[in-house]
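Chains, contacts and geometry: an overview
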Amino acid sequence: QVQLVESGGGLVQTGASLRLSCEASGRTFSRPAMGWFRQAPGKEREFVAAISYSGGSTDYADSVKGRFTISRDNAKNTVYLQMNSLSPEDTAVYYCAAGRTAMYYSGQYYSPNSYDYWGRGTQVTVSS
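Residues numbered from 1 in each chain as written. Predicted model: local features only at pLDDT ≥ 70, side-chain atom pairs only at ≥ 80, totals over all residues. Heavy atoms only, no water.

Moving on: unusual backbone geometry. Its identity as a non-glycine residue notwithstanding, Asn77 has a phi of 55°, on the positive side. You can see Asn77 is positioned in the loop between β7 (68–73) and β8 (78–83). Using a relative accessible area of 47% as the deciding quantity, one classes Asn77 as partly exposed. Residue Ser85 is not a glycine yet carries a positive backbone phi of 50°. Here Ser85 is to be found in the loop between β8 and β9 (92–99). (Helix = DSSP H or I, 4+ residues; strand = E, 2+ residues; numbered from the N terminus. Buried < 20%, exposed > 50% of the residue type's maximum accessible area, 1.4 Å probe, protein only.)

Structural data, given as structure tokens:
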């Protein structure tokens, strides 16, 4: 029943910005934490950003800190990832994920194993 659908990816040049969206539908947890992950060809899926249910707490991978911003609008069942100053190293498929709120406050939000629902991803390609 639960579906997460990412959108907003595309092909951009170095230094450009993109905003990814992830809309949730169906029954999830009552107060899900949300995360963004990315996976480049030949590499493992890596943590990008996470946000608490209320949106009051966020965290980022060191590689994107200061450039990316995660936010959410619970009234729209949507989480966003604003990506600025993109570089070719950001090229990957970006996935959103939903998990139990407890895993956020236990500090486990950086692990893909902490999330129960995943979108199918949206491609972000940054040309040099």
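That shown, we press on.
With that settled, the discussion passes to the side chain of Arg67. Structurally, Arg67 can be placed in the loop between β6 (58–60) and β7. On the accessibility criterion, Arg67 (19% relative accessible area) is buried. A polar contact is formed between the side chain of Arg67 and the side chain of Asp90, at a distance of 2.8 Å. Arg67 has contacts with Gln82, Met83, Asn84, Ser85, Leu86, Ser87 and Asp90, leaving out every residue within four places of it along the chain. (Polar contact = N/O pair within 3.5 Å; in protein donor to acceptor, adjacent residues only side chain to side chain. Contact = heavy atoms within 4.5 Å.)

The next thing to look at is the pattern of salt bridges. For the coordinates displayed, the defined rule picks out four salt bridges. For Glu46, the salt bridge identified is with Arg38, shortest N-O distance 2.6 Å. Judged by its relative accessible area of 31%, Glu46 is partly exposed. Exposure remark for Arg38: the relative accessible area of 5% places this residue in the buried category. Here Asp90 makes a salt bridge to Arg67, at a shortest N to O gap of 2.8 Å. (Salt bridge = Lys/Arg side-chain N within 4 Å of Asp/Glu carboxyl O.)

Glancing now at the sheet that holds strand β1 (residues 3–7). Pairing in this open sheet of four strands is antiparallel, and the strands run β1-β3-β8-β7 from one edge to the other. Strand pairing shows two members of the sheet lacking a second neighbour, β1 and β7, which therefore form its edges. Averaged over all pairs of adjacent strands, the angle between strand axes in this sheet comes to 15°, irrespective of strand direction. Pairing geometry for strand β3 (residues 18–25) and β8, over six bridges, is antiparallel. Residue pairing across strands places Cys22 opposite Val79, the latter belonging to β8. (Pairing = 2+ DSSP bridges. Axes fitted to C-alpha atoms, helices over the stretch in contact; angles between N-to-C directions.)

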